[in-house]
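Topology and contacts: notes
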Amino acid sequence: VMHEGNVVVLPQERLFVAEACSGINSLLALLPAAILLGYFRQRRGARIALVAAVVPIALFWNLVRLLGTTLAALELPNQPAVTGGPLHELAGLLTFALGCLSLIGVDAWVQRRQPAIRSAS
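So, a few notes on the structure that sits alongside this text.

About the thresholds
- Residues numbered from 1 in each chain as written.
- Predicted model: local features only at pLDDT ≥ 70, side-chain atom pairs only at ≥ 80, totals over all residues.
- Heavy atoms only, no water.
- Salt bridge = Lys/Arg side-chain N within 4 Å of Asp/Glu carboxyl O.
- Helix = DSSP H or I, 4+ residues; strand = E, 2+ residues; numbered from the N terminus.
- Buried < 20%, exposed > 50% of the residue type's maximum accessible area, 1.4 Å probe, protein only.
- Contact = heavy atoms within 4.5 Å.

1. Some remarks on the pattern of salt bridges
The tally for this structure, following the rule as stated, stands at one salt bridge. The residue R41 makes a salt bridge to D107 at a minimum N-O spacing of 2.4 Å. Of this pair, R41 sits in helix α1 (residues 24-41) while D107 sits in helix α5 (residues 86-113); the two residues are 66 residues apart in sequence, bridging distant segments of the chain.

See below:
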């Protein structure tokens, strides 16, 4: 398997990775979620770390989706069912859900690493 730009070259065919599947949509959807989580749950410095974590989270889960789609297209006889249609849409939703769960996990991890706020009593 090779890639040429946004085309994955398989032995029998070529898979075009559309802009909608590039991970930009996940990135743009996770960004406001990170901003809201940071605003309500984190201190100022930790907010920046949480928002910065969106990029690797979106890239990682999109890579997992791309690898899964490529492997499925190699192994399954009905390649159009893998690269389009309901199965492909479900993979996109699952990718976004895993991105959200990862963001929540990073939020919890960052919050545990912050020192406790001392009360003024």
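2. Some remarks on the side chain of Q42
Among the structural elements, Q42 can be located in the loop between α1 and α2 (44-52). Residue classification places Q42 among the buried residues on the basis of a relative accessible area of 6%. Those residues in contact with Q42 that sit more than four places away from it in its chain are L37, R47, L50, D107, V110, Q111 and Q114.

3. Overview of the environment of R41
Residue classification places R41 among the partly exposed residues on the basis of a relative accessible area of 38%. Taking C-alpha positions, R41 is 7.6 Å from Q111, a pair spaced 70 residues apart along the chain. Among residues more than four places away in sequence, those in contact with R41 are D107, A108 and Q111.

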